[in-house]
Amino acid sequence: GENVEQHPSTLSVQEGDSAVIKCTYSDSASNYFPWYKQELGKRPQLIIDIRSNVGEKKDQRIAVTLNKTAKHFSLHITETQPEDSAVYFCAASKVNFNKFYFGSGTKLNVKP
Amino acid sequence: GAVVSQHPSWVICKSGTSVKIECRSLDFQATTMFWYRQFPKQSLMLMATSNEGSKATYEQGVEKDKFLINHASLTLSTLTVTSAHPEDSSFYICSARPFTTNTGELFFGEGSRLTVL
């Protein structure tokens, strides 16, 4: 099956700084890559996703980049705010969405 | 957005007993639901894919006889942990996506904390 690796496991940044979380995947057939945010005590929620036919996608302060050749993708959060503090998960799936494999998570702490 | 409800949210049982966890999609139908086990260090490990009207597909290393999955309707999947042992203590979370959409967004249940004494 697919193997998704995520780094770093914890990340601490000052409010206003940028945060970058990186993931790699092993199955070249994977072509859909979502990112989920899980706040403390809450369920994971989708924040952004990217399909393999594009290299970058932005949504306000959040962006995701994808390098298919290297099989890695990254989440970029700019101008971080304390409410961005949460655990972030990357995932990989195929176009039929019949399985989703998650990375191990990154605990982001934004210090005010 | 779509809502997935999981029950119970927490359960304590004695070693050797069986525990059933339900996952319901409240406002959409799902032909497929996913069961994950979330470990203390955060990772979401895919255990199995629950398929409506057919057998579940299990990930390598997951015992199908221990973790029984049933997906009897388009809105309900159940996970039964049979003959539970302390090492089965964990947080189990389900997810689903509406089969009528072409997006990949998963909607998660609130999770079930299992403690086996």
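Residues numbered from 1 in each chain as written. Chains lettered and ligands numbered in written order. Predicted model: local features only at pLDDT ≥ 70, side-chain atom pairs only at ≥ 80, totals over all residues. Heavy atoms only, no water.

**As for the state of the cysteines**
Residue and element names in this part refer to chain A.
Then step 1. Counted according to the given criterion, the structure contains two disulfides over all chains.
Then step 2. What pairs with C23 in a disulfide is C90, and their sulfur atoms sit 1.9 Å apart. What sets the handedness of the C23 and C90 disulfide is the S-S torsion sign, and at about -100° it is left-handed. Here C90 lies in strand β9 (residues 86-93) and C23 lies in strand β3 (residues 19-25), a separation of 67 residues in the sequence. With respect to class, C23 is no different from C90; both count as buried. (Disulfide = S-S within 2.5 Å. Helix = DSSP H or I, 4+ residues; strand = E, 2+ residues; numbered from the N terminus. Buried < 20%, exposed > 50% of the residue type's maximum accessible area, 1.4 Å probe, protein only.)

**Remarks on the pairing of strand β5 (residues 45-51) of chain A**
Residue and element names in this part refer to chain A.
Then step 1. Pairing of strand β4 (residues 32-38) with β5 involves six bridges; the strand directions are antiparallel. From the neighbouring strand, Y36 faces β5, where its bridge partner is L46.
Then step 2. From the end of β4 to the start of β5, which pair antiparallel, there are six residues, and G41 there has a positive phi angle of about 75°. (Pairing = 2+ DSSP bridges.)

**Side note on the interface of chain A and chain B**
Then step 1. Listed by partner, the interface residues are 21 residues for chain A and 22 residues for chain B.
Then step 2. Carbon and sulfur atoms make up 55% of the surface buried where chain A meets chain B, a total of about 1,700 Å² over both sides.
Then step 3. Three residues, R43, F100 and F102 of chain A, lead the burial of chain A against chain B; their summed loss comes to 32% of the area buried on that side.
Then step 4. Between the two partners, chain A and chain B, sit two salt bridges.
Then step 5. For R43 of chain A, the salt bridge identified is with E110 of chain B, shortest N-O distance 3.9 Å.
Then step 6. Along the contact surface separating chain A from chain B lie seven residue pairs in polar contact (both at pLDDT 80 or more).
Then step 7. Within the residue set of the side of chain A that touches chain B, elements represented by two or more residues are β4, β5, β9, β10 (100-102) and β11 (106-111) of chain A.
Then step 8. For the side of chain A that touches chain B, the class distribution of residues is 10 nonpolar, seven polar and four charged. (Contact = heavy atoms within 4.5 Å. Buried area = accessible area lost by both parts, 1.4 Å probe. Salt bridge = Lys/Arg side-chain N within 4 Å of Asp/Glu carboxyl O. Polar contact = N/O pair within 3.5 Å; in protein donor to acceptor, adjacent residues only side chain to side chain. Nonpolar A, V, L, I, M, F, W, Y, C, P; charged D, E, K, R; others polar.)

**Examining the nonpolar core**
Then step 1. By size, the foremost hydrophobic cluster in this structure holds 40 residues, and its most contacted members are W35 and F102 of chain A together with Y36 of chain B.
Then step 2. With residues near it in sequence (within four places) discarded, F102 of chain A still touches V4, Y36, F89, C90 and A91 of chain A together with Y36, L44, L106 and F108 of chain B.
Then step 3. Listed in part, the 26 residues of the second largest apolar core include V4, Y58, F67 and Y92 of chain B. (Core = buried A, V, L, I, M, F, W, Y, C linked by side-chain atoms within 4.5 Å.)

**Here we look at the sheet that holds β3 of chain A**
Residues and elements named next belong to chain A.
Then step 1. Strand order in the open sheet formed by five strands is β1-β3-β8-β7-β6, with antiparallel pairing between adjacent strands. In this open sheet, the two edge strands, each paired with only one partner strand, are β1 (4-7) and β6 (56-59). For this sheet, the mean inter-axis angle between neighbouring strands, taken without regard to orientation, is 15°.
Then step 2. Both β3 and strand β8 (residues 72-77) contribute to a ladder of six bridges, which runs antiparallel. From the neighbouring strand, V20 faces β8, where its bridge partner is H76. (Axes fitted to C-alpha atoms, helices over the stretch in contact; angles between N-to-C directions.)

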